[in-house]
Amino acid sequence: MVTCTCTGCALLCEDIDVIIENNRVKEVKNACRRGAARIRGCVNRLEPSVNKKQADIDTSIKKAAEILKNARSPMLFGWGNSTCEAQVKGIELAKRLNAIIDDNSSFCQGLLIERILKKKFRTCSLEDIRNRADVLIYWGSDAQDSQPRHLSRFSYFPRGEHRQHGYEEDRTAAVIDVRESSTAKICKGHFYRIPTGGDRELILALMDALSGKVPKYDKRVLELAGIMKKAECGAIFAGIGLTYSIKDDPDILVALADKLPNFNIMPMVGHYNMRGFNENLFKETGFVNRIRFEGRPVHNDGYAVVEALRQKSIDALLVIGSDPLSSLPGSIVSHLADIPVICIDPCVTLTSRIAAVTIPCAVSGVESGGSAVRMDGRVVELPGIIENNHLSDQEIMTGLMEAL
Amino acid sequence: MPTVMELYQLLPKTNCKKCGESTCMAFAVALLSRKKNIQECPPVLEGKFKEQKDKLESLLLPAAGAEETGLIVHPELCTGCGNCVVACPVDVANDPKGAGIGGAPTNDKVIFRVLDGKVVASNIKECRRFGMNRVLCYACIDPCPTGAIEFV
Amino acid sequence: MGIDIGKFLKNPEYEIKITTYRDIFQAEALERDRFGEEYRKLSAAIMMSKNDMKRMGFKPGDRVKLTNDNGSIVVELRESKREEPGGVAFMVNSPWSNALVSGDTGGRGIPEFKNISAMISLAKEEVTTIERLIIVR
Ligand code: SF4
Ligand code: SF4
Ligand code: SF4
Ligand code: SF4
């Protein structure tokens, strides 16, 4: 039996025991349903190919380097499912190519992570939450389905240093959402349903209630504000439901946080190392995504993957650990048919099906090691537990650099 | 053990909500999992339902003593979230530094463990619903997002 | 039962709002095989409240066509297992839901994944396959 880190989501659970037999996963212990599936792997492994014809991996990498070199405006996109080591190499590659680099956070939690890294929000570690938190607000976040062990490992259910009694006595968990999610079901008595896009209005009402004004809102907002006021150590787990809803004015959440001195804000991250990419790029450029290197890093919303595809402003795309054809609006991905796409992934994806070059890689955390950044900013080691012949995404990045 | 349908058939089926559940079916489910008792349905206590009420009571009687270990996990519903692992007071008492603080169980004395993304239960005799000082515990049922744990 | 009158009427269309969510069972299927039957079953579906379905004359299991300026898909209609006041329908985030999402983000780069307007009507066609969602040259 070996212990590994699950890369199924940004909780990066480190307590997963795996029984391996004949170099295959036989049993996975302690991982949730999603994590167990990640560790067991996909049925359709990707094969190296060039122009839809099978190729050896070196040929694929050479061809990919050639495409990138010949492009005038290439983009390197994905990164949320890559180790920090691969991400750092990827940023180097973007510099070398004068390329645009962007990641999934661009249409996900980037707005909030940027504010965390700029220290606009108070935040804390998940261990702090376990040991101290008494009021937990899941806002636009269905952790039970997206980060399934969040409540059991850290927030609601575990006994912590200063929370020695059961969750019923020591902690209050509330859910603000447009639907009765699985998380809302568990927090039954404290489910606050809002209409789609109604987050801003609720934030304003809460701010009124917290400053002693009478909010023009459903009376239950007073109850919620009361719970928040009483918190010794509170946390708002901000899901993409909240982020999408306040995307035009994310600082409204900063304003609310300023009124809650005992609260921490934690963006709920999906992809296991999205925060890692944001931190690595931030260290290098001062921005978390949407960068073009032109001798110096330039940040522009036009370098967001969605905008670049919509405006058809890129002429080659390298995708690593992401499936834009699956996760982006169908109405803009048609540009992918007009430009050469390089796809690096352990598995066949929608994007790999249309790619000019495919480069299979190891499943990080299982077939290759490295490090990653958990949703709260803690660096977690990924041991890598199964011997295999696949290149890691880091090795592929190195190969691309060499081929240039 | 009775089935939900058996119980439901004996209820007034008016969905009047007086019991606090939204439907008689939901109340039947609550009866079966012992979250509610028959007294909480005012209409069935009225004289004209006497027969049904007696039948309901007799159906529910044996398990009210919670003698047998009737714990069932429905693996197809379980998400492997581990809420039950951490919330079960037996697991906390028997593994305070593992399951008790949200981690993987560190010994074999726990009731719940997650294998291949689904919960399996063992050591069920330790469950607080059984034995001398039994109590009607819901600590594994309430935190389950999908209703994957049931006592019948 | 009488004759199915719906057959003789013009196929009525209704305007609906859709919001997307995540589902762990669908995420599991995605990890295993995104071209598989399971993933399609869990993705190519729309959940509506009982009342909304009744109002539109649909029933669980019906195939429905969802159409807007961005695309058109056929999915299966299911009754929401949750208590819903109605007015909004739900889809698990997937290439199917994304087929209906606008790429116009006001220049900000974040599409409205969770706030989709579409027309819904009964469909004769089969449920859209994932192959159909991959653009071909
Ligand atoms: S919660 Fe996330 S990291 Fe932990 S086992 Fe599940 S998928 Fe893996
Ligand atoms: S009170 Fe009893 S009879 Fe009335 S709806 Fe509830 S369960 Fe049914
Ligand atoms: S009923 Fe209580 S003691 Fe028994 S298994 Fe469930 S949580 Fe544990
Ligand atoms: S709480 Fe329910 S879903 Fe979660 S692990 Fe236990 S039985 Fe499974």
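These numbers come from a predicted model, not from an experiment.

## Considerations on helix 1 (residues 24-32) of chain C
Residues and elements named next belong to chain C.
Here's step 1: Most of helix 1 sits out of view: 7 of its 9 residues are buried.
Here's step 2: Regarding helix 1, the residues found buried are Ile-24, Phe-25, Gln-26, Ala-27, Glu-28, Ala-29 and Glu-31.
Here's step 3: N-capping of helix 1 is provided by Asp-23, with a side-chain oxygen placed 3.1 Å from the backbone N of Phe-25.

## Comments concerning the packing of helix 3 (residues 84-97) of chain A against helix 18 (residues 393-403) of chain A
Residue and element names in this part refer to chain A.
Here's step 1: Running from amino to carboxyl end, helix 3 crosses helix 18 at an angle of 20 degrees, the nearest separation of the two axes being 8 Å. Overall, the two elements helix 3 and helix 18 adopt an arrangement that is roughly parallel. Here helix 3 and helix 18 pass one another in a crossing that is left-handed. In this structure, helix 3 contributes Glu-85, Ala-86, Lys-89, Gly-90, Glu-92, Leu-93 and Arg-96 to the contact, and helix 18 contributes Asp-393, Gln-394, Met-397, Thr-398, Leu-400 and Met-401.
Here's step 2: A breakdown of the residues in the contact of helix 3 with helix 18 according to their chemical character gives 5 nonpolar, 3 polar and 5 charged.

## Some details on the site of ligand 2
Here's step 1: By nearness alone, every residue bordering ligand 2 is listed as Pro-12, Thr-14, Asn-15, Cys-16, Lys-17, Lys-18, Cys-19, Cys-24, Phe-27, Cys-41, Pro-42 and Pro-43 of chain B.
Here's step 2: Mapped onto the shell around ligand 2, the elements with two or more residues apiece are helix 2 (24-32) and helix 3 (42-45) of chain B.

## A few points about the nonpolar core
Here's step 1: Counting 131 residues, the largest nonpolar core has Ile-39 of chain A, Phe-112 of chain B together with Ile-46 and Leu-66 of chain C as its most contacted members.
Here's step 2: In contact with Ile-46 of chain C, not counting residues within four places along its chain, are Ile-16, Ile-18, Val-64, Leu-66, Val-75, Glu-76, Leu-77, Arg-78, Ala-89, Phe-90 and Met-91 of chain C.
Here's step 3: By size, the runner-up hydrophobic cluster in this structure holds 41 residues, among which are Ile-116, Ile-203, Leu-210 and Val-254 of chain A.

## Description of the domain arrangement of chain A
All names here are of chain A.
Here's step 1: Here the domain parsing of chain A yields domain 1 (44-106 + 272-403) and domain 2 (110-267).
Here's step 2: Both sides together, the interface formed by domain 1 and domain 2 hides about 1,200 Å², and carbon and sulfur atoms give 66% of it.
Here's step 3: When residues of domain 1 are sorted by the area they lose upon contact with domain 2, Arg-275, Met-375 and Asp-376 head the list and together hold 44% of the total.
Here's step 4: One can count 2 salt bridges joining domain 1 with domain 2.

## With respect to the interface of chain A and chain C
Here's step 1: Listed as interface residues are 55 residues of chain A and, on the opposing side, 44 residues of chain C.
Here's step 2: Roughly 4,300 Å² of surface becomes buried between chain A and chain C when both sides are summed, with 56% attributable to carbon and sulfur atoms.
Here's step 3: When the buried area of chain A at its contact with chain C is split by residue, Arg-33, Arg-179 and Lys-247 of chain A rank highest and sum to 14% of it.
Here's step 4: Viewed at the interface, chain C and chain A are joined by 6 salt bridges.
Here's step 5: Between Arg-353 of chain A and Glu-131 of chain C there is a salt bridge, and its shortest N-O distance comes to 3.0 Å.
Here's step 6: On the surface where chain A and chain C come into contact, there are 17 residue pairs in polar contact (both at pLDDT 80 or more).
Here's step 7: At the level of elements, helix 1 (33-40), helix 6 (143-146), helix 9 (182-186), helix 12 (240-245), helix 15 (305-310), helix 16 (324-327) and helix 17 (350-354) of chain A are the ones that each hand at least two residues to the side of chain A that touches chain C.
Here's step 8: A total of 4 residues in the side of chain A that touches chain C trace back to one element, the largest contributor, which is helix 1 of chain A.
Here's step 9: In the side of chain A that touches chain C, the residues fall into 23 nonpolar, 15 polar and 17 charged.

## Quick word on the pattern of salt bridges
Residue and element names in this part refer to chain A.
Here's step 1: Inspection of the entire model under this criterion finds 36 salt bridges over all chains.
Here's step 2: A salt bridge links Arg-179 to Asp-142; its shortest N-O distance comes to 3.9 Å. Here Arg-179, found in the loop between strand 9 (172-177) and helix 9, pairs with Asp-142, found in the loop between strand 8 (135-139) and helix 6; they are 37 residues apart in sequence, far enough to count as distant.
Here's step 3: Note on Arg-179: relative accessible area 9%, which makes it buried.
Here's step 4: The class for Asp-142 is buried, based on a relative accessible area of 10%.

Rules of the game
Residues numbered from 1 in each chain as written. Chains lettered and ligands numbered in written order. Predicted model: local features only at pLDDT ≥ 70, side-chain atom pairs only at ≥ 80, totals over all residues. Heavy atoms only, no water. Buried < 20%, exposed > 50% of the residue type's maximum accessible area, 1.4 Å probe, protein only. Helix = DSSP H or I, 4+ residues; strand = E, 2+ residues; numbered from the N terminus. Polar contact = N/O pair within 3.5 Å; in protein donor to acceptor, adjacent residues only side chain to side chain. Axes fitted to C-alpha atoms, helices over the stretch in contact; angles between N-to-C directions. Parallel < 35°, antiparallel > 145°, perpendicular 65-115°, else oblique. Left-handed = near helix turned anticlockwise from the far one by under 90°. Contact = heavy atoms within 4.5 Å. Nonpolar A, V, L, I, M, F, W, Y, C, P; charged D, E, K, R; others polar. Near = heavy atom within 4 Å. Core = buried A, V, L, I, M, F, W, Y, C linked by side-chain atoms within 4.5 Å. Domains from an automatic or database assignment. Buried area = accessible area lost by both parts, 1.4 Å probe. Salt bridge = Lys/Arg side-chain N within 4 Å of Asp/Glu carboxyl O.

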